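# Descriptive structure summary
Read off the chains here:
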Amino acid sequence: MAQLICENLTLGYNSKVVVENLSFSVNAGDYLCIVGENGSGKSTLMKTILHLLKPLSGTIKTGDGLLNDEIGYLPQQTDVQRDFPASVREIVLSGCQSRCGRRPFYIKAEKQLAYDNMEKLGILPLAKRCYRELSGGQQQRVLLARALCATQKMLLLDEPVTGLDPEATEEMYELIKKLNNDGITIIMISHDIDTALQYASHILHIGQKIFYGEAKDYVRNPGTVL
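The present account deals with the structure reproduced in this document. (Residues numbered from 1 in each chain as written. Predicted model: local features only at pLDDT ≥ 70, side-chain atom pairs only at ≥ 80, totals over all residues. Heavy atoms only, no water.)

### Details of a negative patch on the surface
- Together, Asp165, Glu167, Glu170 and Glu174 line one region of the surface with negative charge.
- For Glu167, the location among the structural elements is in helix α7 (residues 166-181).
- With relative accessibility at 56%, the residue Glu167 sits in the exposed group. (Patch = residues over 30% accessible without salt bridge, like charges linked within 9 Å, V, L, I, M, F, W, Y side chains within 5 Å. Areas by Shrake-Rupley, 256 points an atom, 1.4 Å probe, with all protein chains shown as cover. Salt bridge = Lys/Arg side-chain N within 4 Å of Asp/Glu carboxyl O. Lys, Arg positive; Asp, Glu negative; His and termini not counted. Charge placed at Lys NZ, Arg CZ, Asp CG, Glu CD. Helix = DSSP H or I, 4+ residues; strand = E, 2+ residues; numbered from the N terminus. Buried < 20%, exposed > 50% of the residue type's maximum accessible area, 1.4 Å probe, protein only.)

### Here we look at the sheet that holds strand β9 (residues 211-214)
- Taken together, the six strands give an open sheet; going across it, the order is β5-β6-β7-β3-β8-β9, and neighbouring strands pair in mixed fashion. In this open sheet, the two strands that pair with only one neighbour each are β5 (71-74) and β9. Going across the sheet, the axis of each strand differs from the next one's by a mean of 15°, ignoring polarity.
- Examined bridge by bridge, strand β8 (residues 202-205) and β9 share four bridges and lie antiparallel to one another. Of the residues in β9, the one forming a bridge with Ile203 is Gly213.
- Packing against the sheet, helix α1 (residues 42-49) makes contact with β3 (31-35), β5, β6 (154-158), β7 (185-189) and β8, and its axis sits at approximately 150° to β6.
- Against the sheet, helix α6 (residues 136-150) touches β5 and β6, its axis set at about 165° to β5. (Pairing = 2+ DSSP bridges. Axes fitted to C-alpha atoms, helices over the stretch in contact; angles between N-to-C directions. Contact = heavy atoms within 4.5 Å.)

### Focus on unusual backbone geometry
- Here the phi dihedral of Asn21 falls at roughly 50°; this positive angle occurs in a residue that is not glycine.
- Topologically, Asn21 is positioned in strand β2 (residues 16-27).
- Looking at Asn21, the relative accessible area reads 60%, which means it is exposed.
- Even without a glycine there, the phi angle at Glu159 is positive, about 45°.
- Structurally, the position occupied by Glu159 is in the loop between β6 and α7.

### Digging into the packing of aromatic side chains
- Summed over all chains, the structure comprises three aromatic pairs.
- Between the aromatic rings of Phe24 and Tyr212, the centroid separation amounts to 5.8 Å while the plane-to-plane angle is 45°, which identifies the pairing as tilted. Linking Phe24 in strand β2 with Tyr212 in strand β9, this pair joins segments that are 188 residues apart in sequence.
- The exposure class of Phe24 is buried, given its relative accessible area of 5%.
- In this structure Tyr212 comes out as partly exposed when scored by relative accessible area, which is 29%. (Phe/Tyr/Trp six-rings, centres within 6.5 Å; stacked < 30°, edge-to-face > 60°.)

### Overview of the sheet that holds β2
- What the three strands build is an open sheet, ordered β2-β1-β4; its pairing is antiparallel. Looking along the sheet, the strands with just one partner apiece sit at the ends: β2 and β4 (57-62). Each neighbouring strand pair of the sheet contributes to a mean axis angle of 15°, computed without reference to strand direction.
- Pairing geometry for strand β1 (residues 2-13) and β2, over eight bridges, is antiparallel. Counterpart to Gly12 in the pairing with β2 is Val17.
- Its contacts with the sheet place α1 against β1, β2 and β4, and it is angled at close to 125° to β1.

### Here we look at the packing of helix α5 (residues 108-120) against α6
- One way to put it is that α5 packs onto α6 with a least axis distance of 9 Å and a crossing angle of 140°. For the element pair α5 / α6, the angle class is oblique. Helix-helix and strand crossings are classified by hand; for α5 and α6 the assignment is right-handed. Only Ala145, Leu148 and Cys149 of α6 make contact with α5, whose side of the interface consists of Leu113, Ala114, Asn117, Met118 and Lys120.
- Of the residues in the contact of α5 with α6, the class split is six nonpolar, one polar and one charged. (Parallel < 35°, antiparallel > 145°, perpendicular 65-115°, else oblique. Left-handed = near helix turned anticlockwise from the far one by under 90°. Nonpolar A, V, L, I, M, F, W, Y, C, P; charged D, E, K, R; others polar.)

### Some thoughts on α7
- Between its first and last C-alpha atoms α7 spans 23 Å; for 16 residues at 1.5 Å apiece the expected length is 22 Å, and the two agree.
- All buried positions along α7 are accounted for by Ala168, Thr169, Met172, Tyr173, Leu175, Ile176, Leu179 and Asn180. In a view along the axis of α7, the buried residues occupy a sector of 160°, so they form one face of it. Those residues of α7 that are exposed and angled more than 90 degrees off the buried face are Pro166, Glu167, Glu170 and Asn181.
- Each element contacted by the buried residues of α7 is listed here: β3, α5, α6, β6, β7 and α8 (193-199).
- Residue Asp165 occupies the N-cap position of α7, its side-chain oxygen lying 3.1 Å from the main-chain nitrogen of Glu167.
- Trailing α7 by a residue or two, Gly183 shows a phi angle of about 110°, which is positive. (Expected span 1.5 Å × (residues − 1). Arc of directions from axis to C-beta. Polar contact = N/O pair within 3.5 Å; in protein donor to acceptor, adjacent residues only side chain to side chain.)

Here you go:
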């Protein structure tokens, strides 16, 4: 059974339509890359999946035991966020907020989860460091650890390597692939189609033409999606 089912979606904002008649599904363990030209609606789709925007029409459903609050999200960073004056541990731990309910504090299990995710992503030695003092690659690892505190089922990533140098970019892609190999479903917006084809199991190309299917079946020529 699919974890995420999108049927006949029309997406947009301020009554402006950016995508029409979009249907696809994502199964547990898939690695879906969303690609397309600037302004084609990639970020709008991701925000709609997260219920930050409402679809103009169509439906989005979760299944296979996935709840709406079990989707982790790594958005694109702003300059203000990069300069956030909190410790690495505080930021990672804040990913557990959805687990707290009305509790104004974190319990032992949540603190352990933050510890485990920092260890998994190789940032445990940075736990007491100030976030804004870290490199771009280290900051993305912190935010990824934070997203993992919210879910062990599905991660949505909006161009997670933007602004990173080539070495940090490769490290981030390898890290995301490892998480996918560990069973976490990945949905990632990417502008790098070659890399998407290297790592993804499925491709969703949105634009004037729409393609959804396995990465091996995706062929892209200038101006054409086959």
